[in-house]
Amino acid sequence: YNSLTLNDYSLRKQVIDLLAKTSECTHDTIQMLKYLKQGITEYPDDPSFFNKIYDYYIAVQQNDLAYTLADSLSTIYPDSTLYNAAKVLPLVRMGRYHDAIEVGEQVLKVDTLNTDLHYYVGLSYCVMADSIKLPTSINSKSYRTKSKEKKDYYLKALPHLEQYRNKYPDDVDKWGQMLHDVYWGLNMGKQYDDILKILK
């Protein structure tokens, strides 16, 4: 009865969703993705189809597909915090940290309480800080330049990571080591001592 019910446009969206769920239950991934893509194509303003296929791409580490999907929908709906925010995680996973920060910071201007974005932006700044290798001579001009660049990244990471820590104080595995590095890099002695106690 698939073709018959799909032609009933008063029920079409629900039928596509049901077919996708049925395919998932029977472990028919190809059919599931087919129906979810059909749902997104026909109902791009309904986030349910997007959420399901995006979560699938993220779960199986198909980060390029997750990004492309979110990016295509953010082009149609440029003011959507959902579609724009969804671009950040795959960008981080693909190592595109500058892009992740740019998108994340833009979304946070209108969605300041998006805790996951604070985490990913803070993580991106920390990765970029850690990628800076300081010259061996502390008297060299390049040492001062690179040291300042490293500290600037840590300064930018700090409020994002502390926001995430305040929201999820038990997720020490996620914020602990990064805040340890930030506090050390910024010579924040008291905070550094406090986090050492937490990490021990």
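This text goes with the structure placed above it.
Below or above, wherever it landed, is the structure these notes cover. Note that the coordinates shown come from a computational prediction; the quantities given were computed from them, not determined experimentally.

Cut-off values and rules
- Residues numbered from 1 in each chain as written.
- Predicted model: local features only at pLDDT ≥ 70, side-chain atom pairs only at ≥ 80, totals over all residues.
- Heavy atoms only, no water.
- Phe/Tyr/Trp six-rings, centres within 6.5 Å; stacked < 30°, edge-to-face > 60°.
- Lys NZ or Arg CZ within 6 Å of the ring centre and 35° of its normal.
- Helix = DSSP H or I, 4+ residues; strand = E, 2+ residues; numbered from the N terminus.
- Polar contact = N/O pair within 3.5 Å; in protein donor to acceptor, adjacent residues only side chain to side chain.
- Contact = heavy atoms within 4.5 Å.

1. A few points about the packing of aromatic side chains
Any pair of aromatic rings gets described here by the distance separating the centres and the angle formed by the planes.
Then, in step 1: Per the stated rule, a full pass over the model turns up 10 aromatic pairs.
Then, in step 2: Among the aromatic side chains, those forming a connected cluster through ring pairs are F50, Y54, Y77 and Y83.
Then, in step 3: The aromatic ring of Y67 is capped on one face by R96, whose charged end is 5.0 Å from the ring centroid.
Then, in step 4: It is K174 that lies over the ring of Y119; its NZ or CZ is 4.3 Å from the centre.

2. Considerations on the side chain of K150
Then, in step 1: Among the structural elements, K150 can be located in helix α10 (residues 141-167).
Then, in step 2: A polar contact is formed between the side chain of K150 and the backbone oxygen of I132, at a distance of 3.1 Å.
Then, in step 3: With residues near it in sequence (within four places) discarded, K150 still touches A129, D130 and I132.

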